[in-house]
Structures are given as C-alpha cells and as structure tokens.
Amino acid sequence: MVSSALRQESKLRMKCRSRRGMSAELEVLDLSIGGAMVEARGWSTQIGERVLLTLPGLSAQPGELVWLEDGRAGIVFEQPLHETVFDKFNAMIAR
C-alpha cells in the first residue's frame, strides 16, 4: 500500500499567473496535449483571461482560461505539449 505522503508528492502542480499579477500553484487534475483541468478553489481569475503557465522543468507558456466551474478550471495551452512531455506529466497524474 502506498502511503498518503507518497501519493501527495506525486501530484502534478502548475504555476499560473494572470495578467493582473495574481499567481497560484494549482493541482493538475487532468491533462491533454492542448490543455489542463486544474483545482482552482481560491484562484481569482475570469473566463477568457490570458494566463502564463509553468509546469515543472519547463519554461512558462501562455494559455487561456476557458471554463470555471465547481472549484475547477479548464485552461487551453497556446502551444500544445510535445507528446513525450505530455506522457511524462500524464503518468504523474495517473498515480
């Protein structure tokens, strides 16, 4: 059995910064090559807002908040993730 501390460490987090300067580190709940669903409770942003996103080990890339509902948010990446990068991060979420 995997301890809860180990499961906690395996969660993928994304740094998100809005144009208004609001910044948050959000848990990635689902990931695709073109975007992500994140846990957004307490994150102050609006649909249509452009954001700067940083995944671990990658440089920041622009994206846009496309939906916000029940404490979760959908973000579309301006540039799709490379397939190898996607596979690495998706494996972290699947744990």
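Note that the coordinates shown come from a computational prediction; the quantities given were computed from them, not determined experimentally. (Residues numbered from 1 in each chain as written. Predicted model: local features only at pLDDT ≥ 70, side-chain atom pairs only at ≥ 80, totals over all residues. Heavy atoms only, no water.)

Some details on the overall build of the protein
Item 1. A tally of helices and strands in the protein yields 2 helices and 6 strands.
Item 2. Along the protein, helices (α) and strands (β) appear in the sequence α-β-β-β-β-β-β-α when read from the amino end.
Item 3. Residues classed as buried in the protein amount to 32% of the 95 residues present.
Item 4. Sequence separation of at least 24 residues holds for 49% of the intrachain contacts in the protein that already meet a minimum separation of 6. (Helix = DSSP H or I, 4+ residues; strand = E, 2+ residues; numbered from the N terminus. Buried < 20%, exposed > 50% of the residue type's maximum accessible area, 1.4 Å probe, protein only. Contact = heavy atoms within 4.5 Å.)

Re the pairing of strand β3 (residues 35–39)
Item 1. With 4 bridges connecting them, strand β2 (residues 23–32) and β3 associate as antiparallel partners. Following the sheet pairing, V28 is matched in β3 by V38.
Item 2. The turn linking β2 back onto β3 is made up of 2 residues.
Item 3. Where β3 meets strand β6 (residues 72–77), 5 bridges bridge the pair, whose relative direction is antiparallel. Bridging from a neighbouring strand, E39 pairs with R72 of β6. (Pairing = 2+ DSSP bridges.)

Focus on a nonpolar patch on the surface
Item 1. On the surface, V66, W67 and V76 cluster together into a nonpolar patch covering about 220 Å² of accessible area.
Item 2. As for its position among the elements, V66 is in strand β5 (residues 61–69). (Patch = residues over 30% accessible without salt bridge, like charges linked within 9 Å, V, L, I, M, F, W, Y side chains within 5 Å. Areas by Shrake-Rupley, 256 points an atom, 1.4 Å probe, with all protein chains shown as cover. Salt bridge = Lys/Arg side-chain N within 4 Å of Asp/Glu carboxyl O.)

A look at the confidence of the model for the protein
In low-pLDDT regions, the fine details of the predicted coordinates are not to be read closely.
Item 1. When pLDDT is averaged along the protein, the result is 87, and 88% of the positions lie at 70 or above.
Item 2. Low pLDDT, under 50, characterises residues 1–9; the predicted model gives this stretch 1 contact beyond four residues in sequence or across chains. (pLDDT = per-residue confidence, 0-100.)

Some thoughts on unusual backbone geometry
Item 1. Although it is not a glycine, D70 adopts a positive phi angle of roughly 50 degrees.
Item 2. Among the structural elements, D70 can be located in the loop between β5 and β6.
Item 3. Taking the relative accessible area as the measure of exposure, D70 reaches 61% and is therefore exposed.

With respect to the sheet that holds β5
Item 1. The strand order around the closed barrel built from 6 strands is β1-β2-β3-β6-β5-β4, with neighbouring strands paired in antiparallel fashion. Strand-to-strand, the axes of this sheet are offset by a mean angle of 45 degrees, without reference to chain direction. (Axes fitted to C-alpha atoms, helices over the stretch in contact; angles between N-to-C directions.)

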